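Spelled out, the chains give:
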Amino acid sequence: MHIPDGFLNTATAGVTYVVSAGGVGYSVKEANKKLGEKHVPLMGVMGAFIFAAQMLNFPVMGGTSGHLIGGALAAILLGPWAGVLIMACVLIVQCFVFQDGGITALGANIFNMGLLACFVSYYIYRAVVSLMGESRTSTLVGGFVGAWTSVFVAAIACAIELALSGKSPLGVALPAMAGVHALIGIGEGLITAVVLSFVMATRADLLKLQKV
Amino acid sequence: MKLKWWHIGLLIAFGLAIISPLASSWPDGLERVAEDKGFIDAAHNPTFEIIPDYVFPGVGNEALATILAGVVGTLILFILTYGLGVLLKRREA
């Protein structure tokens with residue numbers, strides 16, 4: 001869902017840059033307050049894992065693929081502010097080193113796949129776990145639902161940005177983006193649940209780390 | 001040296017980078033929509049290229065070039081996010 005250069009008009013690119021810069025700046029402040037010694041290796045592993053996993057596009061239907069975003073996984077394990085920082089790092093490196101996502105669209109990409117994906121998934125995950133009671137099942141269900149919704153919401157935001165930029169009317173872009181990403185979100189949900197299940201089986205204490 | 005949990009996590013990440021040539025090369029969701037709705041041509045080429053499209057430049061074998069790009073990127077991200085963690089963590093007196 002990385003928006004390339006040329007898709008967004010100046011106003012949309014500018015506004016999303018300002019919002020994302022503010023969000024990332026605030027994330028730095030929050031992380032500075034809450035991040036402890038134990039979070040550091042998990043930050044590193046999450047950054048590495050999300051970058052690598054994003055390379056693995058999986059087919060979702062004839063001629064279309066999707067890949068993990070990873071914001072949900074980062075937010076559930078580390079907390080939403082740390083998640084935003086990890087996603088910003090991934091997206092910045094993808095943009096400047098791998099030419100994936102345009103430089104002018106970096107603000108929108110960090111907004112969609114960082115800020116939105118992390119916060120939407122984190123609070124849905126928390127809501128599911130508190131509704132179902134803390135258990136292995138509720139963690140997996142919350143992880144799946146949170147991750148699916150993060151992709152769906154990011155796709156809707158992307159469609160709105162494209163429509164505001166005059167690339168495609170909202171009535172066209174919105175159902176198209178939401179439809180294909182409802183499928184891609186299933187992959188995001190499954191990968192997130194599999195990783196959470198692996199973490200619970202091997203190092204369940206990591207899920208108990210203070211959220212940042 | 002005893003392997004810590006995060007060494008294993010990092011090895012898994014590098015493992016994913018190594019199998020990255022298996023990824024589907026079909027366009028992703030946004031590219032598909034941009035093609036179907038006729039605005040894919042609005043995309044500009046990047047103004048500079050370092051490792052474009054996750055293919056390491058100057059390597060003849062495409063699978064190898066993809067693996068190399070993946071491993072380099074995974075390493076950059078590990079250093080960057082680990083380093084950010086070190087910089088931002090609470091100073092415990």
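A.B. asks: Talk me through the overall build of chain A; I want residue IDs and the actual numbers.
C.D. replies: Counting its secondary structure elements, chain A contains seven helices and two strands. Counting helices and strands in the order they occur from the N terminus, chain A gives α-α-β-β-α-α-α-α-α. Relative to the compact-globule value of 17 Å for 212 residues, chain A shows a C-alpha radius of gyration of 16 Å, a close match. C-alpha atoms of chain A, sized along the principal axes, occupy 45 × 40 × 30 Å. Among the 212 residues that make up chain A, the fraction classed as buried is 62%. Long-range contacts, defined here as pairs at least 24 residues apart, represent 74% of the contacts in chain A between residues at least 6 apart.

A.B. asks: So what's going on with the overall build of chain B? Residues and values would help.
C.D. replies: Each helix and strand counted, chain B has three helices and zero strands in total. Computed over its C-alpha atoms, the radius of gyration of chain B comes to 18 Å, more than 25% above the 12 Å expected for a compact globule of 93 residues. The dimensions of chain B, computed from C-alpha atoms along their principal axes, are 60 × 30 × 25 Å. Within chain B, the proportion of its 93 residues that are buried is 30%. Of the contacts formed within chain B by residues at least 6 apart in sequence, a portion of 44% connects residues at least 24 apart.

A.B. asks: Help me get a handle on the packing of helix α7 (residues 170–203) of chain A against helix α2 (residues 29–36) of chain B, residues and values and all.
C.D. replies: Relative orientation of the contacting elements α7(A) and α2(B) amounts to 145°, with a least axis distance of 9 Å. Judged by the twist between their axes, the crossing of α7(A) over α2(B) is right-handed. Within the contact between the two elements, α7(A) uses Ala173(A), Ala176(A), Met177(A), Val180(A), His181(A) and Ile184(A) and α2(B) uses Gly29(B), Arg32(B), Val33(B) and Asp36(B). Class assignment for the residues of the contact of α7(A) with α2(B) results in six nonpolar, two polar and two charged.

A.B. asks: Talk me through the pairing of strand β1 (residues 58–61) of chain A; I want residue IDs and the actual numbers.
C.D. replies: Residues and elements named next belong to chain A. Where β1 and strand β2 (residues 64–66) come together, three bridges link them in antiparallel fashion. Across the sheet, Met61 pairs through a bridge with Thr64, a residue of β2. The turn linking β1 back onto β2 is made up of two residues, and Gly63 within it adopts a positive phi angle of 80°.

A.B. asks: Just give me the short version of the environment of Leu78(A), but keep the residues and values in it.
C.D. replies: Residues and elements named next belong to chain A. Topologically, Leu78 is positioned in helix α3 (residues 71–78). The buried category is assigned to Leu78, around which 28 C-beta atoms lie within 10 Å. Distance in space between the C-alpha atoms of Leu78 and Leu206 is 8.7 Å, their sequence separation being 128 residues. Residues in contact with Leu78, not counting those within four places in the same chain, are His39, Leu42, Met43, Met46, Gly83, Lys211 and Val212.

A.B. asks: Help me get a handle on the nonpolar core, residues and values and all.
C.D. replies: Residues and elements named next belong to chain A. Among the nonpolar cores identified, the biggest contains 98 residues, and Ala74, Met87 and Ala154 are the most heavily contacted of them. Tallying contributions element by element places helix α5 (residues 106–132) first for this core, with 13 residues. The contacts of Ala74, once residues within four sequence positions are left out, are Met46, Ile50, Ala82, Gly83, Ile86, Met87 and Cys118.

A.B. asks: Tell me about the interface of chain B and chain A, and please be specific about residues and values.
C.D. replies: Taken together, the contact pairs 46 residues of chain B with 57 residues of chain A. The set of elements that each furnish at least two residues to the side of chain B that touches chain A consists of α1 (5–18), α2 and α3 (62–88) of chain B. Looking at the side of chain B that touches chain A element by element, the count peaks at 13 residues for α3(B). When grouped by side-chain class, the residues that make up the side of chain B that touches chain A number 28 nonpolar, ten polar and eight charged.

A.B. asks: Summarise the environment of Thr139(A); cite the residues concerned and give the values.
C.D. replies: All names here are of chain A. Of note, Thr139 is situated in helix α6 (residues 136–164). The class for Thr139 is buried, based on 22 C-beta atoms found within 10 Å. Each C-alpha atom, one on Thr139 and one on Gly189, is 12 Å from the other, the two residues being 50 residues apart in sequence.

A.B. asks: Explain the packing of α3(A) against α6(A) residue by residue, including any values.
C.D. replies: Residues and elements named next belong to chain A. Put simply, α3 and α6 touch, their axes get as near as 9 Å, and they point 135° apart. Relative to α6, the element α3 lies oblique. The two elements α3 and α6 meet at a crossing, and its hand is right-handed. Together, Gly71, Ala72 and Ile76 of α3 and Gly143, Gly146, Ala147 and Ser150 of α6 make up the contact between the two elements. Its residues assigned to classes, the contact of α3 with α6 shows three nonpolar, four polar and no charged.

Definitions and cut-offs
Residues numbered from 1 in each chain as written. Chains lettered and ligands numbered in written order. Predicted model: local features only at pLDDT ≥ 70, side-chain atom pairs only at ≥ 80, totals over all residues. Helix = DSSP H or I, 4+ residues; strand = E, 2+ residues; numbered from the N terminus. Rg over C-alpha atoms; globule rule 2.2 N^0.38 Å. Buried ≥ 20, exposed ≤ 12 C-beta atoms within 10 Å, placed from the backbone. Contact = placed C-beta atoms within 7 Å. Axes fitted to C-alpha atoms, helices over the stretch in contact; angles between N-to-C directions. Left-handed = near helix turned anticlockwise from the far one by under 90°. Nonpolar A, V, L, I, M, F, W, Y, C, P; charged D, E, K, R; others polar. Pairing = 2+ DSSP bridges. Core = buried A, V, L, I, M, F, W, Y, C linked by C-beta atoms within 7 Å. Parallel < 35°, antiparallel > 145°, perpendicular 65-115°, else oblique.

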